Amino acid sequence: MKLIFLFIIFSILLLKLVNSKPILKFNSNNQFKIVQFTDLHYGSEPEDDIDNIFSQVSILDYEKPDLVIFSGDMISGYLSPFKKGDSNYWKYWDLFTEPLRERNIPWAITFGNHDGEGSLSTNEMLKIDQSYDLSLSESNSVDMHGIANYFLKIASSNSSIEEPASLIYIFDSSTKGCSKLDWGCVHQDQVDWFKNTSKSFKKTNSIAFVHIPPVEIIDLWNKYQVHGNFSETPCCFENDFGEFVPSLVESGDVHGLYFGHDHENDFRGDYKGMDLGYGRKSGAGSYSSKKPLGARVFQLTESPFTLSTWIREFDGTIVSQEIHQPSEIDQKPLQCKKKDRYSKNELIAFKVVGSFLIVFGAVAVGVAGFLGFKYYKKYEFKKQYQELKKFTNCII
């Protein structure tokens, strides 16, 4: 009898461990809310990190979401706090997830181009994230570019329905080798994974997130009505490595694709039947968006499926984004901003070498001038001595 009791206790504990992660589900009003935090850039300056926390806390308390998506560049991996060991990674992961953990809000991440620029790889950072009970982040289920390509299921509000009512696709664009781009892209093997997954779930209504914007965001601005601002040339990716957006549009089940990366842009609009757009820069680190910190919010309705979205700023303001109609005088080149000719490290090296050459040149000129002056004085003295000698000989 005692053994049976111990077996039951062990089974309950094991079941609890297996099911320790939160289950996403539409509420009794058929609603599910997501907040997108993007480009937080923790680790820049202490005062920036404080502003980040304040903004996150404020937005979470206003919106009370069911899930948070961190859509890349959670940290500035190129800065000194992330150059040695993993202790600061744990510190900052604790910092930017604390507002969620205090409110028991689950989250999921994808990586940006700056997260993996420190001493830890994105794979190692993913393992840190997965160690938290509220993290729903996953690694690839099959071999493909990137490390964090996965989907999340949102269960129906009707508990008798076993199949997911909706899906959330997460794409990892923190890949290198994307032509001359410095920031990454989505490759064809990731697109193929999506197609297979979509087919296996019979094209379930879904929403998707990635960090790097696709080139179609420029086409959206040029040809369709949008809400929001186009303030900088997109550092996007083109379709050289995979038909990403065309495949999502063709599938018909992805109702929205959202991203960050370009800090000053926050516009969105309907692109061939799929909502396409930026979030709002959520962090004070790195270069400024010139707009208040905020987040894009998504309200999903289960049946019939609908998607609505808005931007909430840290002070509670819901942004009334201006409408932009396509115009011939405001057309943007359908081309992503290219990588700078030289990398940051190369530019730093050039500055160091240039400074050295300037100092060396100044010293060389100084030494040459000194030696020349010394030679000139010696020559003048010798000349005067010869003239004096001639004069003396004439007298004698």
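Every value quoted in this text rests on a predicted model; they were computed, and no experiment measured them. (Residues numbered from 1 in each chain as written. Predicted model: local features only at pLDDT ≥ 70, side-chain atom pairs only at ≥ 80, totals over all residues. Heavy atoms only, no water.)

S.K.: What is the right way to read the packing of aromatic side chains from this model?
M.R.: The way to describe two aromatic rings as a pair is by their centre distance and the angle between their planes. One pass over the full model with this rule turns up 28 aromatic pairs. On the numbers, 6.1 Å between centres and 85 degrees between planes, the contact of tyrosine 169 with tryptophan 193 is edge-to-face. With tyrosine 169 in strand E5 (residues 166-170) and tryptophan 193 in helix H5 (residues 188-200), this residue pair connects regions lying 24 residues apart in the sequence. Since its relative accessible area comes to 0%, tyrosine 169 is described here as buried. Residue classification places tryptophan 193 among the buried residues on the basis of a relative accessible area of 6%. Judged by centre distance (5.4 Å) and plane angle (65 degrees), the rings of phenylalanine 267 and tyrosine 278 are edge-to-face. Here the residue phenylalanine 267 occupies a position in the loop between strand E8 (254-259) and strand E9 (268-271), and tyrosine 278 occupies one in strand E10 (residues 274-278), the gap between them amounting to 11 residues. Accessibility expressed as a relative area gives 0% for phenylalanine 267, which makes it buried. A cation sits over an aromatic face here: lysine 332 above phenylalanine 230, 5.1 Å from the ring centre. (Phe/Tyr/Trp six-rings, centres within 6.5 Å; stacked < 30°, edge-to-face > 60°. Helix = DSSP H or I, 4+ residues; strand = E, 2+ residues; numbered from the N terminus. Buried < 20%, exposed > 50% of the residue type's maximum accessible area, 1.4 Å probe, protein only. Lys NZ or Arg CZ within 6 Å of the ring centre and 35° of its normal.)

S.K.: How should the sheet that holds strand E11 (residues 294-301) be read in this particular structure?
M.R.: Here we have 5 strands laid out as an open sheet, ordered E3-E2-E1-E11-E12, and mixed in their pairing. Looking at strand neighbours, the two that pair on one side only are strand E3 (107-110) and strand E12 (306-313), the edges of this open sheet. Taken over all neighbouring pairs, the strand axes of this sheet differ in orientation by 20 degrees on average, direction set aside. Sheet contacts for helix H2 (residues 46-63): strand E1 (31-37), strand E2 (67-71), E11 and E12; angle to E1, the most-contacted strand, approximately 170 degrees. (Pairing = 2+ DSSP bridges. Axes fitted to C-alpha atoms, helices over the stretch in contact; angles between N-to-C directions. Contact = heavy atoms within 4.5 Å.)

S.K.: For this particular structure, what's the right way to read the confidence of the model for the protein chain?
M.R.: Detailed conclusions should not be drawn from predicted coordinates in areas where pLDDT is low. On average, the protein chain scores 87 in pLDDT, and the residues at 70 or more come to 80%. Contacts of residues 1-17 to residues separated by more than four positions or lying in other chains number 0 contacts, the stretch itself having pLDDT below 50. Between residues 391-396, whose pLDDT stays under 50, and residues either more than four places distant or in other chains, the model counts 0 contacts. (pLDDT = per-residue confidence, 0-100.)

S.K.: I'm lost on empty space enclosed by the protein in this one. Help?
M.R.: If a probe the size of a water molecule is rolled over the atoms, the empty space left behind becomes visible. The final tally for this structure, using the stated rule, is 2 cavities of 30 Å³ or more. In this structure, the second largest cavity spans a volume of roughly 40 Å³. Taken together, Thr38, Asp39, Gly260, His261, Asp262, His263, Asn265, Tyr278, Gly279, Arg280 and Lys281 make up the lining of the second largest cavity. Classifying every residue of the lining of the second largest cavity gives 1 nonpolar, 6 polar and 4 charged. (1 Å grid on protein atoms, 1.4 Å probe; cavity = no way out; pocket = protein on both sides within 12 Å on 5 of 7 lines; lining within 4 Å. Points joined across faces, edges and corners; volume = space filled by probe spheres on them. Nonpolar A, V, L, I, M, F, W, Y, C, P; charged D, E, K, R; others polar.)

S.K.: Just checking my understanding: could you explain helix H6 (residues 216-223) for this structure?
M.R.: Among the 8 residues of H6, 7 are classified as buried, and the element is accordingly described as predominantly covered. Turning to H6, its buried residues number three or more, namely Glu216, Ile217, Ile218, Asp219, Leu220, Trp221 and Asn222. Of the surrounding secondary structure, the elements contacted by the buried residues of H6 are strand E7 (226-227), helix H7 (244-251), E8, E9, E10 and strand E13 (323-324).

S.K.: Got a minute to help me understand unusual backbone geometry in this structure?
M.R.: Only a minority of non-glycine residues have a phi that is not negative, and only a minority of peptide bonds are not trans. With an omega of -5 degrees, the peptide bond between serine 303 and proline 304 qualifies as cis. Residue placement: proline 304 occurs in the loop between E11 and E12. One non-glycine residue, serine 286, lies in positive phi territory at about 65 degrees. Topologically, serine 286 is positioned in the loop between E10 and E11.

S.K.: How should I be thinking about the pattern of salt bridges in this particular structure?
M.R.: When the charged atoms of two side chains lie near each other, side chains of opposite charge can form a pair. Per the counting criterion, the structure on display carries 10 salt bridges. As a salt-bridge pair, lysine 33 and glutamate 63 come within 2.9 Å of each other at their nearest N and O atoms. You can see lysine 33 sitting in strand E1 and its partner glutamate 63 sitting in helix H2, a full 30 residues away along the chain. Classification of glutamate 63 as buried rests on a relative accessible area of 4%. Ionic pairing is found between aspartate 330 and lysine 332, a salt bridge with its closest N-O pair at 3.6 Å. The class of aspartate 330 is partly exposed, set by a relative accessible area of 24%. Taking the relative accessible area as the measure of exposure, lysine 332 reaches 27% and is therefore partly exposed. Counted as one network, the salt bridges with shared partners bring together Lys33, Glu63 and Arg312. (Salt bridge = Lys/Arg side-chain N within 4 Å of Asp/Glu carboxyl O.)

S.K.: Is there a simple way to explain the layout of surface pockets in this structure?
M.R.: Taken as a whole, the second largest pocket encloses approximately 470 Å³ of empty space. No other element matches the 5 residues that strand E4 (residues 150-154) contributes to the lining of the second largest pocket. Class assignment of the residues belonging to the lining of the second largest pocket gives a composition of 12 nonpolar, 7 polar and 5 charged.

S.K.: So what exactly am I meant to see when it comes to the state of the cysteines here?
M.R.: The bond known as a disulfide is covalent and runs between the sulfur atoms of two cysteines. Summed over all chains, the structure comprises 1 disulfide. What pairs with cysteine 236 in a disulfide is cysteine 336, and their sulfur atoms sit 2.0 Å apart. Across the S-S bond of cysteine 236 and cysteine 336 the torsion is about -110 degrees, and the bridge reads as left-handed. Of the two residues, cysteine 236 sits in the loop between E7 and H7 while cysteine 336 sits in the loop between E13 and helix H8 (344-395), which places them 100 residues apart along the sequence. When sorted by exposure, cysteine 236 lands in the same class as cysteine 336, which is buried. (Disulfide = S-S within 2.5 Å.)

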